[in-house]
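A structural walkthrough
Residues per chain, in single letters:
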Amino acid sequence: MTGTGPPVGMRRHTGTSPDPAAFGTWVAPHLAAMSRYAHRLAPPAAADDVVQDALVRAWSRWSTYDPGRGAPAPWLLAIVADQARRHRSRGPAPAVALSEAAAPTGPTEPDIDLERAVRALPPRQRQAVDLYYFVGLDVASVAQVMACAPGTVQATLHQARARLRELLGDCDLSLIHI
């Protein structure tokens with residue numbers, strides 16, 4: 001196995017079942033990015049479920065992955081995005097009361113402003129910002145996830161940065177870690 005795709009013997013046309021260990025090895029380098037992206041797309045309480053659902057979907061569709069069409073990360077992140085959309089369409093999960101001790105600590109004030117500003121972006125700009133700045137993909141990989149040209153991603157990121165400057169006003173974007 002080269003790490004870029006399922007072993008040749010695991011492709012759909014063979015009719016064989018995928019090897020769980022091989023799948024685990026193949027997907028492991030991408031789990032952190034999948035989790036970061038899920039946390040950008042879904043409420044914190046649902047992000048782990050989104051990743052779990054994405055892994056189940058990736059496992060069931062692994063034989064259809066074609067390494068000739070690109071790296072595994074964009075394919076897996078597209079599945080995360082799809083599962084997050086499905087999760088949102090199912091409606092909110094029931095509220096669970098947390099004790100004071102278990103309550104997560106909130107982000108710092110500039111981070112709260114940045115989160116609000118990013119949420120105010122149009123969906124396509126928000127997706128590009130999430131993938132590029134928060135997940136850490138390069139422009140080419142963002143383009144694969146978004147199913148567009150790299151130049152389109154660059155233009156979208158430029159527009160998003162301009163809009164964030166408008167929304168954040170005098171805030172120095174260099175002080176905010178995205």
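It should be noted that the structure appears before, not after, this text.
Rules of the game
- Residues numbered from 1 in each chain as written.
- Predicted model: local features only at pLDDT ≥ 70, side-chain atom pairs only at ≥ 80, totals over all residues.
- Heavy atoms only, no water.
- Phe/Tyr/Trp six-rings, centres within 6.5 Å; stacked < 30°, edge-to-face > 60°.
- Buried < 20%, exposed > 50% of the residue type's maximum accessible area, 1.4 Å probe, protein only.
- Lys NZ or Arg CZ within 6 Å of the ring centre and 35° of its normal.
- Salt bridge = Lys/Arg side-chain N within 4 Å of Asp/Glu carboxyl O.
- Helix = DSSP H or I, 4+ residues; strand = E, 2+ residues; numbered from the N terminus.

Re the packing of aromatic side chains
Scanning the entire structure with this criterion turns up 8 aromatic pairs. The interplanar angle of 85° and the centroid separation of 4.9 Å between the aromatic rings of Tyr132 and Tyr133 together place this pair among those described as edge-to-face. Judged by its relative accessible area of 23%, Tyr133 falls in the partly exposed class. Every member of this aromatic cluster is reached through a ring pair, and the members are Phe23, Trp26, Trp59, Trp62, Tyr65 and Trp75. Between the NZ or CZ atom of Arg40 and the centre of the ring of Phe134, over which it lies, the distance is 3.6 Å.

Focus: the pattern of salt bridges
If charged atoms from side chains of opposite charge come close, those side chains can pair. In total, this model carries 6 salt bridges according to the counting rule given. Of the charged contacts in the structure, one is a salt bridge between Arg40 and Glu115, with a shortest N-O distance of 2.7 Å. Taken as a pair, Arg40 in helix 2 (residues 31-41) and Glu115 in helix 5 (residues 109-120) lie far apart in primary sequence, 75 residues in all. Using a relative accessible area of 22% as the deciding quantity, one classes Glu115 as partly exposed. A salt bridge links Arg163 to Glu166, with the shortest nitrogen-to-oxygen separation between them at 2.9 Å. Remark: Glu166 and Arg163 occur in helix 8 (residues 150-168); sequence separation between them is 3 residues, near one turn of the helix. The exposure class of Arg163 is partly exposed, given its relative accessible area of 32%.

Taken by themselves, the reported measurements are silent on function.
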